[in-house]
Amino acid sequence: MKFISTRNKNIVVSGAQAIAYGISEDGGLFVPAEFPVLRDDDFIKLEEMDYPERAAYVLNKYLDEFSFSELKDMCQKAYSSFDEEGPAPVSKIDDSLYLLELWHGPTCAFKDLALQLLPYLLVESKKKIGLSEETLILVATSGDTGKAALEGFKDVEGTKIMVFYPADGVSNMQRLQMVTQKGGNVKVIGIKGNFDDAQSAVKKVFTDESVIELLKNSGITMSSANSINFGRLAPQIAYYVSSYVDLVSSGEIKKGDKINFVVPTGNFGNILAAYYAFKMGIPINKLIVASNSNKILSDFFNTGEYDIKRQFYKTISPSMDILISSNLERFIFEIVGRDDEKVRELYLNLKENGVFKLDKKLLDESIFLAGWADEEETKEAIASYFDLYDYALDTHTAVAASVHTDYATETGDNTPCVIVSTASPYKFPLDVYNAINGTDKKMDAFKAVNLLEMTIALDAPENIKNLKEQKVIHGDIIEPADIKKKVLEFANVQR
Ligand SMILES: *Cc1c(COP(=O)(O)O)cnc(C)c1O
C-alpha cells in the first residue's frame, strides 16, 4: 500500500518510508492511499488468533511490504512485555457497557500498545528502504507518550531518543517515570511552558533546514514517535478491531451488530484509529469524542470551528491538556473528500489566524459526536464507577465515562458501548484516591499508591512502586527556544 501526504497527494511514499520519516516534508501527515476492508473471511481468521497475531494481521493490510510472519514476530516480541491480562482485554462492567483496558503494558498507559512495537517497525522499515543512518527520535509529550517511547526505544541499536515534557504540566508519577529513565541512548528534558509549546518547538526543529543539514552531515536523520507517525497509528487500529472480534466471540454481540466507542481525547490519535477501524469495515454506530476542560475538539465537533485562541487549563487528566490536536488533520483530510488543497488552506488559516472553520454539515453527517467533562464531573465519574461497579477509573478514562453517562441519559441509546480505558488508576493515584473518597488531601504520590491499593481491588503495578527507589537521572529544564541547541548537543553535532 502507498501513503500520501494530507497536504499534497502527489507526495507518495511506501509504508516503510512513512514510518522511517515520520512526517511528510511539506508538513502534512502520511495517510494510506486507500482503506483496506476486512471481509467475512478476515473475521473468521481473526477470531482464531491471539492478540499479537491479530495486530500483525491488521498491520499487514497497510504494510504489505512486510510479510505476515515478519510482523507477527515483531508483535510477539512487542507484546510480551504486557502483564498476564494481555494488551487489550475487554472488561464487561454492566449490560452493554464495556471497558477496553489498554494499560497493561510496561508504562501503564495505552501508548505502550504502539510504542512497544514502533521500534521494531522502525528498525525493519529502515532496512527495507536501505536507510543506514542513525535515527534521532524527538518526542514532545503531554505525559504518557514520553515514558512509553523511552521504554520502547531505550538501547535500540541505531536510534537515539530525546523526550521533551512540559515541566509543570505532567503528574508527579509521569515525571518520575521519565526523569529516572535508564538507557545509553536516552535524554529527557523539561520545557518551561505547556505541551503545545513543547510540540510546536519540536515540530520547528523537525523542519529546520539547518538542523536537518547538520544532522545529515553526521549521518543522522530525525524521526518522530508522536502519533503523527503512521507507525503509531496502525497498532492502535488493531485494538479496535480486536475488541470487536472479542465481543462477537464471547457472544456479547452478533457479527454485524453496531457498537459505540467513547474515547478520551487529546491529540486525536486514539480516536482517529477507531475511525480508521470503521473505514476498514468494523460496524460502528457512534464514535464519541470525550474532552476535558480543554474542550477544543468537543467545540469543533459541535460548531465546526476549531479555535486555538482560548484559555489553556491544567487538569487532572494532563495527557489530554492539548489545544493543537495533530491527528485531526488526518480526519479533516477524509471529511473534505481527500481534498489536499482544502487541507492546506485550513491549516494555513490555523497557522496565521489560530482558527479554521469547516461546514458543520460535514461533521453532522459523520459518525462522530462529542462532549466534555470538567474537573468536578471527572471526579464524580470516578466516584460513581467505584460505587456502582467497584471499578477504579483513571482520570482520563473518567472523562470518557462522564461523557458517556451524559450521552446515555440524553439519548437513551442502548447500543453496546465500549469506553476506551487509557491509563491505570495508579498513574494518577492521588487524584483517583481523593475522587473515590470525596477528599482533597495532599500527600506524596507513593503514599497515595499505598492507600489506593488498600481501597480498590486492583494491585499496584511493580513498575510504579519501584519508581520510589529510582535515581533522578535527567534534571534539565530549559526554554522552548533552546530545544534546537540541545538536539544538536545530544546528537553530538558541532555547529
Ligand atoms: C495520550 C493519552 C490520551 C489522549 O490520547 P490522544 O491519542 O492524544 O487523543 C488519553 N488518555 C491517556 C491516559 C493518554 O496517555
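Please read these numbers as outputs of a predicted model, since none were measured by experiment. (Residues numbered from 1 in each chain as written. Predicted model: local features only at pLDDT ≥ 70, side-chain atom pairs only at ≥ 80, totals over all residues. Heavy atoms only, no water.)

A.B. asks: How should the overall build of the protein chain be read in this particular structure?
C.D. replies: Within the protein chain, the regular secondary structure consists of 22 helices and 16 strands. Taking 495 residues into account, the globule formula puts the C-alpha radius of gyration at 23 Å, and the protein chain, at 21 Å, falls close to it. A principal-axis box enclosing the C-alpha atoms of the protein chain has dimensions of 60 × 50 × 45 Å. Counting across all 495 residues of the protein chain, residues that qualify as buried make up 61%. Taking all contacts inside the protein chain whose residues are at least 6 apart in sequence as the whole, residues at least 24 apart take part in 74%. Accessible area of the protein chain: about 18,800 Å², with a carbon and sulfur share of 46%. Between the centroid of the 54 positive side chains of the protein chain and the centroid of its 73 negative side chains there is a distance of 5 Å. (Helix = DSSP H or I, 4+ residues; strand = E, 2+ residues; numbered from the N terminus. Rg over C-alpha atoms; globule rule 2.2 N^0.38 Å. Buried < 20%, exposed > 50% of the residue type's maximum accessible area, 1.4 Å probe, protein only. Contact = heavy atoms within 4.5 Å. Areas by Shrake-Rupley, 256 points an atom, 1.4 Å probe, with all protein chains shown as cover. Lys, Arg positive; Asp, Glu negative; His and termini not counted. Charge placed at Lys NZ, Arg CZ, Asp CG, Glu CD.)

A.B. asks: Would you take a moment to explain the side chain of Gln199 for this structure?
C.D. replies: Here Gln199 lies in helix α9 (residues 195–206). Judged by relative accessible area, which is 7%, Gln199 ranks as buried.

A.B. asks: Please clarify how the sheet that holds strand β11 (residues 284–291) should be interpreted in this entry.
C.D. replies: Sheet strands pair via backbone hydrogen bonds, and the direction of the pair is either parallel or antiparallel. In space, the 6 strands of this open sheet follow the order β4-β5-β15-β10-β11-β14, with mixed pairing throughout. If you trace the sheet from one side to the other, it starts and ends with β4 (90–94) and β14 (368–372), each paired once. Between one strand and the next, the sheet's axes are offset by a mean angle of 25°, whatever the strand orientation. Inspection of the sheet shows strand β5 (residues 97–101) paired to strand β15 (residues 417–421) by 5 bridges, in the parallel sense. Among the inter-strand pairings, Leu97 is bridged to a residue of β15, identified as Cys417. Across the sheet, helix α11 (residues 230–249) touches β4, β5, β10 (259–264) and β15, and the angle it forms with β10 is around 140°. Sitting on the sheet, helix α18 (residues 395–411) is in contact with β5, β10, β11, β14 and β15, with an inclination near 125° to β11. (Pairing = 2+ DSSP bridges. Axes fitted to C-alpha atoms, helices over the stretch in contact; angles between N-to-C directions.)

A.B. asks: What should I look at first to understand the pairing of strand β9 (residues 220–224) in this one?
C.D. replies: Each regular strand carries side chains that alternate between the two faces of the sheet. Among the 5 residues of β9, 4 are classified as buried, and the element is accordingly described as predominantly covered. Pairing geometry for strand β6 (residues 134–140) and β9, over 5 bridges, is parallel. What sits directly across from Leu136, in β9, is Met222.

A.B. asks: Where do I start with the site of the ligand in this structure?
C.D. replies: Not every one of the 15 residues close to the ligand is listed here, only the nearest: Lys111, Asp144, Gly266, Asn267 and Thr422. At a separation of 2.6 Å, an oxygen atom of the ligand approaches a polar side-chain atom of Lys111. The contact in question runs from a nitrogen atom of the ligand to an N or O atom on the side chain of Thr422, over 2.8 Å. Of the residues in the shell around the ligand, the class split is 5 nonpolar, 8 polar and 2 charged. (Near = heavy atom within 4 Å. Polar contact = N/O pair within 3.5 Å; in protein donor to acceptor, adjacent residues only side chain to side chain. Nonpolar A, V, L, I, M, F, W, Y, C, P; charged D, E, K, R; others polar.)

A.B. asks: What should I look at first to understand the packing of helix α17 (residues 375–389) against helix α19 (residues 429–437) in this one?
C.D. replies: Each pair of packed helices can be summarised by the angle the axes make with each other and by the distance between the axes. For the pair α17 and α19, the least separation of the axes is 8 Å and the interaxial angle reads 65°. The orientation of α17 with respect to α19, classified from their angle, is roughly perpendicular. Relative to α19, α17 is oriented so that their crossing is right-handed. Here Lys379, Ile382, Ala383 and Phe386 of α17 come into contact with α19, specifically with Val432, Ala435 and Ile436. Of the residues that constitute the contact of α17 with α19, the class distribution is 6 nonpolar, no polar and 1 charged. (Parallel < 35°, antiparallel > 145°, perpendicular 65-115°, else oblique. Left-handed = near helix turned anticlockwise from the far one by under 90°.)

A.B. asks: It is not clear to me how the nonpolar core should be interpreted in this structure. Could you clarify?
C.D. replies: It is characteristic of soluble globular proteins that their nonpolar side chains tend to be buried jointly. Ranked by internal contacts, the top residues of the largest apolar core, which has 108 residues, are Tyr62, Phe268, Tyr276, Phe301, Leu328, Phe331 and Phe368. Those residues in contact with Leu328, other than ones at most four positions away along the chain, are Asn267, Phe268, Leu297, Phe300, Phe301, Tyr306, Tyr347 and Phe356. Counting 45 residues, the second-largest nonpolar core is a separate cluster that includes Trp103, Ala290, Met320 and Ile436. (Core = buried A, V, L, I, M, F, W, Y, C linked by side-chain atoms within 4.5 Å.)

A.B. asks: Where do I start with the pattern of salt bridges in this structure?
C.D. replies: Oppositely charged side chains are able to pair whenever their charged atoms sit close together. According to the stated counting rule, one finds 25 salt bridges in the structure shown. For the salt bridge of Lys61 with Asp42, the shortest nitrogen-to-oxygen distance reads 3.1 Å. Linking Lys61 in helix α3 (residues 51–62) with Asp42 in helix α2 (residues 40–48), this pair joins segments that are 19 residues apart in sequence. Under the relative-accessibility criterion, Lys61 is labelled partly exposed at 25%. For Asp42, a relative accessible area of 2% translates into the label buried. (Salt bridge = Lys/Arg side-chain N within 4 Å of Asp/Glu carboxyl O.)

A.B. asks: Help me understand the sheet that holds strand β2 (residues 8–14) in this model?
C.D. replies: The strand order β2-β1-β3 describes an open sheet built from 3 strands, whose pairing is antiparallel. The sheet terminates laterally at β2 and β3 (30–32), the two strands that pair on one side only. With direction set aside, neighbouring strand axes in the sheet form an average angle of 40°. Here strand β1 (residues 2–5) pairs with β3 via 3 bridges, running antiparallel. Looking at β3, one finds that Ser5 is bridged to Phe30. Together, β1, β2 and β3 form the strand contacts of helix α14 (residues 328–335), whose direction differs from that of β3 by roughly 50°.

A.B. asks: Quick question: what am I supposed to make of helix α15 (residues 340–353) here?
C.D. replies: The terminal C-alpha atoms of α15, which comprises 14 residues, lie 20 Å apart, in line with the 20 Å expected from a rise of 1.5 Å per residue. Among all positions of α15, only Asp340, Val343, Leu346, Tyr347 and Leu350 are buried. Projected down its long axis, α15 shows its buried positions confined to an angular sector of 125°, all on one face. What points out from α15, more than 90 degrees from its buried face, is the exposed set Glu341 and Glu352. Trailing α15 by a residue or two, Gly354 shows a phi angle of about 70°, which is positive. (Expected span 1.5 Å × (residues − 1). Arc of directions from axis to C-beta.)

A.B. asks: I keep staring at the packing of aromatic side chains and nothing clicks. Help me out?
C.D. replies: We describe a pair of aromatic rings using the distance from one ring centre to the other and the angle between the two ring planes. For the structure on display, the rule yields 24 aromatic pairs. Both rings, one in Phe43 and one in Tyr244, keep their centres 6.2 Å apart while their planes meet at 70°; by these two values the pair is edge-to-face. On the criterion of sequence distance, the pair formed by Phe43 in helix α2 and Tyr244 in helix α11 is long-range, its members being 201 residues apart. A single burial state applies to Phe43 and to Tyr244, both of which are buried. Taking the centre distance of 5.5 Å and the plane angle of 70° together, the rings of Tyr79 and Phe82 count as edge-to-face. (Phe/Tyr/Trp six-rings, centres within 6.5 Å; stacked < 30°, edge-to-face > 60°.)

A.B. asks: How do you make sense of unusual backbone geometry when you look at a structure like this?
C.D. replies: A negative phi angle characterises most non-glycine residues, just as the trans form characterises most peptide bonds. Non-glycine residue Cys108 carries a positive phi angle of around 70°. Although it is not a glycine, Asp390 adopts a positive phi angle of roughly 60°. Residue position: Asp390 is located in the loop between α17 and α18.

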